[in-house]
Structures are given as C-alpha cells and as structure tokens.
Amino acid sequence: MSELKPFLKWVGGKRQLIPSIAKYVPDSFGRYYEPFVGAGALLFFLCPEKATINDLNRDLILAYESIRDELEKVIDELKIHKSKNSKDYFYKIRAWDLKDDYESLPRYKKAARLLYMNKVVFNGLYRVNSRGHFNVPYGKYTNPNILDEDLLRKVANYLKKSDIDIISGDFQDAVKNVERGDFVYFDPPYDPLSDTSAFTNYQKDGFSRENQIELKRCADSLVDKGAKVIISNSNTEFINSLYNGEIHNSDKQESNYDIYLVDASRHINSNAKNRGKIKEVLIVSRDS
C-alpha cells in the first residue's frame, strides 16, 4: 500500500510477514492502533491517516518523535556517528546510558544514538540488562547503512502530515480510546517456544504469561466494542489454548478468534532448534 519501510532493524520485525497479515486487514477502518509498534512494519505498509502507536521502550518512541519533530538535528548527529564509526567509538556511545546525565541529553541525541547503534550492533539486536542498560556487542559489518537520509525524510513526512499519536506506556492504556470500527494490531513479545528460548528483554521487566493473559482479556474487550483485532505470537500450546478459549476464557462458549499458521524466519534464539524457518500464529478476531 506504500513505499515506506521501517527505519530500524528489529528482532521479531514483521516486514517478512506483511503479505500474510495483509490478507486479514479490514478493507476499511477508523483509527489504527499498534500498542507494541517496534519498527512499525505494518504501520509503514498501511500508512493509515489516523493512528495511535505505542511502545514501552521510551528510547524507541523518542526516535519516532525526533524524526517527526527535529529531523535535521537527527541527521546531523547521524552524520557524526557515521564519520566516526569504529568498534571503540561504538562502545563509547553505548556507554552513554551508564552516565548520570543520560536522561538530560537532548531528545535528538538519544534518537540518533539508537539509530546508529541499531545499524552497527550484532544482528540489529535491541537488548537491555536488568538495570535497563543497553548491552549488545558491536557487529561485524563492512559498510553498515548508518544514515538512510531519503527514508528518514519520507518517514518524517508521513508522521507529520498524518494524525499520528505517538505514546510510550502500557499496552492497555494505548488502546483505551478504541471505538467500533477501529483496527488494532498487537505484536507483543512472544511466548517462548521453550524455557531457554525467551527473548523478551527489550525492556528490563520482560513479558510474562500473566501478561499474555492480560493481553487476551484486553483483546476480548476490544472485540466486544466492535473493533477488529489481529495478534501475532508464537505457535505454542499455551497461546493456542489461550485463544481457543481453554485458558481464562470468559463466559462465552465459543472463541472470538480464528488462528492461522504462518511461516517465518527467525535468526536469534538461544535454542538452535528454534532458529531458521518456523511456524508462528496470526490470531484474527471474527467479524461480529
């Protein structure tokens, strides 16, 4: 639907799955909501005129805001990072969040730091430790695309000309204004395929199965309002049972969802068996 694409690499990004997801997107809808926006693959594919995007990762949301509001400063900062890029320089920049004055840095500097590190770290991985500090090592790239100025200008233009609310907080707060006819896409941290395969530390507190159950209840309430809901997740017994109505179901006897298997390629997992081609699920609310 558009020529835009994400300006970041993001673990679990949905660009490869857009053809599968697009089959279930409603032909028309009111406002688009994406409470776990990440790199925004579906957002930039659909380019809705009205949208609310959210992520608990505040630095990520700062990047969206800065690209929209102060693009030239972000570009100038990225030019500096590009000209100085080296392993030693990267670790100097990575260490910024260990300093007491990090929170007082200008927004555009934080945004450019995230974009720079995203393009040079191992596999574009975003990961923080228990204290919330970025801890991914420098990658081995010959010529990383640190500054894609044309893409950033297109993204900025879209975010400026459209009615896009950009927020950072809990996913349930992000959808509190959903109305009948709106479309909500949830792409939460996935339920782990095994006890050793979890990668949910985009934020230091992770995303538990209790959180997955809370998300299901939230989705149910949105479906009851008359919104269209699509959810991506792992093809685990827990997730299938949850949305088939076998875990913490409401009083309804039938599930409100259809579950579809889709093929995905995943390259980051502590369990080698869960890398490469795998099956994931798309959970699609039924039309009322």
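Here the focus is the overall build of the protein. Summing up its helical and strand segments, the protein has 10 helices and seven strands in all. Across the 288 residues of the protein, 52% fall into the buried class. A separation of at least 24 residues holds for 72% of the contacts in the protein among residues at least 6 apart in sequence.

On to empty space enclosed by the protein. Summed over the entire model, instances satisfying the criterion amount to one cavity of 30 Å³ or more. One number sums up the size of the largest cavity: a volume of about 50 Å³. Taken together, Phe 7, Leu 78, Leu 115, Lys 119, Ile 146, Leu 147, Asp 148, Leu 151 and Leu 152 form the lining of the largest cavity. Where the lining of the largest cavity is concerned, the elements lending two or more residues are helix 6 (107-120) and helix 7 (149-161). Split into classes, the residues belonging to the lining of the largest cavity amount to seven nonpolar, no polar and two charged.

So, about helix 7. A rise of 1.5 Å per residue sets the reference length of helix 7, with its 13 residues, at 18 Å; its end C-alpha atoms lie 18 Å apart and thus fit the reference within 8%. Residues of helix 7 that are buried include every one of Leu 151, Leu 152, Val 155, Ala 156, Tyr 158 and Leu 159, and no others. Looking straight down helix 7, one finds its buried side chains confined to an arc of 165°; they lie on one side. Exposed side of helix 7, more than 90 degrees from the buried face: Lys 160 and Lys 161 are the residues found there.

Extensive coverage of strand 2 (residues 50-54) is indicated by the burial of four of its five residues. Pairing of strand 1 (residues 32-34) with strand 2, which is carried by three bridges, proceeds in the parallel orientation. Residue pairing for strand 2: Glu 34 is matched across the bridge by Ile 53. Between the parallel elements strand 1 and strand 2, the chain passes through helix 2 (residues 41-46) in a crossover that is right-handed.

Before going further, it helps to spend a moment on the pairing of strand 4 (residues 183-186). Burial along strand 4 is two-sided: Phe 183 and Tyr 185 facing one way and Val 184 and Phe 186 facing the other are all buried. The pairing of strand 1 with strand 4 spans two bridges and is parallel. When the bridges of strand 4 are listed, Tyr 32 appears paired with Phe 183. Bridging between strand 4 and strand 5 (residues 228-234) involves four bridges; their strand directions are parallel. For Val 184, the partnering residue across the bridge sits in strand 5 and is Val 229.

Before going further, it helps to spend a moment on the pattern of salt bridges. As enumerated under the stated definition, the model contains 20 salt bridges in all. Here Asp 97 ties to Arg 113 by a salt bridge, and the two come within 3.5 Å at their closest N and O atoms. One end of the pair, Asp 97, is in the loop between helix 5 (87-94) and helix 6; the other, Arg 113, is in helix 6, with 16 residues separating them in the sequence. For Arg 113, a relative accessible area of 3% translates into the label buried. One salt-bridge network, in which partners are shared between bridges, spans Arg 58, Glu 65, Arg 68, Asp 69, Glu 70 and Arg 107.

This paragraph deals with the nonpolar core. Core analysis: the biggest nonpolar cluster contains 65 residues, and Phe 7, Leu 43, Tyr 64, Leu 78, Tyr 116 and Leu 152 have the highest contact counts within it. It is helix 6 that contributes the most residues to this core, eight residues altogether. If we skip the residues at most four places from it in the chain, Tyr 64 touches Phe 7, Val 37, Gly 38, Ala 39, Gly 40, Leu 43, Phe 44, Ile 53, Leu 159 and Ile 166. By size, the runner-up hydrophobic cluster in this structure holds 24 residues, among which are Ile 213, Val 223, Ile 231 and Phe 238.

Thresholds applied
- Residues numbered from 1 in each chain as written.
- Predicted model: local features only at pLDDT ≥ 70, side-chain atom pairs only at ≥ 80, totals over all residues.
- Heavy atoms only, no water.
- Helix = DSSP H or I, 4+ residues; strand = E, 2+ residues; numbered from the N terminus.
- Buried < 20%, exposed > 50% of the residue type's maximum accessible area, 1.4 Å probe, protein only.
- Contact = heavy atoms within 4.5 Å.
- 1 Å grid on protein atoms, 1.4 Å probe; cavity = no way out; pocket = protein on both sides within 12 Å on 5 of 7 lines; lining within 4 Å.
- Points joined across faces, edges and corners; volume = space filled by probe spheres on them.
- Nonpolar A, V, L, I, M, F, W, Y, C, P; charged D, E, K, R; others polar.
- Expected span 1.5 Å × (residues − 1).
- Arc of directions from axis to C-beta.
- Pairing = 2+ DSSP bridges.
- Right-handed = clockwise from strand over helix to strand, strands pointing away.
- Salt bridge = Lys/Arg side-chain N within 4 Å of Asp/Glu carboxyl O.
- Core = buried A, V, L, I, M, F, W, Y, C linked by side-chain atoms within 4.5 Å.

Keep in mind that these numbers describe shape and distance, not what the molecule does.
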